[in-house]
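So you can see what is in the structure, the chains are spelled out below.
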Amino acid sequence: MAAMAGWNYVAGVPETEEQQKLRFQVELEFVQCLGNPNYLNFLAQRGYFKDSTFVNYLKYLLYWKEPDYAKYLKYPMCLYFLDLLQYEHFRRELVNAQCSKFIDDQQILLWQHYTRRRSRLLTTPATNGAVEASARESQAGSHQANGHMNSKVS
């Protein structure tokens, strides 16, 4: 965290290490909240996305996309939404509850697909290992009586 040498613009003095850690934690939590479409709808309905100071803050938070910071994120989808929040049109559409519901549904479908695909990929090596073992066994049984291998035609 020492690389986060920050400046407290309100007080006009450098931040202490404890203040830097607190800012890091608060910004980490806030950035991850941006991965929740219902929270984005909440912010939009209360007019936060119309405030230029808040929009500038969202732009400032783009540093979380750097690998040194992104590694702390538990919900990387929040970076995708942080990118989308840079566009005024997206911010305007989030006021509509149907829009945020649609985004939420799509996010759930993505997670379900990802989970299924990931579990398939994780079980495939075990299956591949069984297939390779049976292939070796069948190869071992394909020796002729004179010790020569049967030639395979490809």
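Per an unreviewed UniProt entry, the chain is named Mediator of RNA polymerase II transcription subunit 31, and its organism is Exocentrus adspersus. Comment text from UniProt for the chain, heading Sequence similarities (unreviewed entry), reads "Belongs to the Mediator complex subunit 31 family." Per UniProt, the chain carries the Subcellular location (unreviewed entry) text "Nucleus".

Asker: Outline the packing of aromatic side chains, supporting the account with residue identities and numerical values.
Answerer: The tally for this structure, following the rule as stated, stands at 15 aromatic pairs. Ring centres 6.1 Å apart and planes at 15° place the aromatic pair Tyr39 and Phe42 in the stacked group. Here the residue Tyr39 and the residue Phe42 both occupy positions in helix α2 (residues 37-45), the gap between them amounting to three residues, near one helical turn. A relative accessible area of 36% places Phe42 in the partly exposed class.

Asker: Explain the pattern of salt bridges to me, using residue names and the numbers behind them.
Answerer: Under the defined criterion, the tally for this structure stands at six salt bridges. Between Glu27 and Arg23 there is a salt bridge, and its shortest N-O distance comes to 3.8 Å. Of this pair, Glu27 and Arg23 both sit in helix α1 (residues 17-33), four residues apart, roughly one helical turn. With relative accessibility at 22%, the residue Arg23 sits in the partly exposed group. The shortest N-O distance in the salt bridge between Arg92 and Glu88 comes to 3.3 Å. Taken together, the residues Arg92 and Glu88, both in helix α6 (residues 88-93) and four residues apart, mark about one turn of the helix. Connected via shared salt-bridge partners are Glu15, Arg23 and Glu27.

What counts and how
Residues numbered from 1 in each chain as written. Predicted model: local features only at pLDDT ≥ 70, side-chain atom pairs only at ≥ 80, totals over all residues. Heavy atoms only, no water. UniProt positions renumbered as here; feature names shortened; annotations may be inferred. Phe/Tyr/Trp six-rings, centres within 6.5 Å; stacked < 30°, edge-to-face > 60°. Helix = DSSP H or I, 4+ residues; strand = E, 2+ residues; numbered from the N terminus. Buried < 20%, exposed > 50% of the residue type's maximum accessible area, 1.4 Å probe, protein only. Salt bridge = Lys/Arg side-chain N within 4 Å of Asp/Glu carboxyl O.

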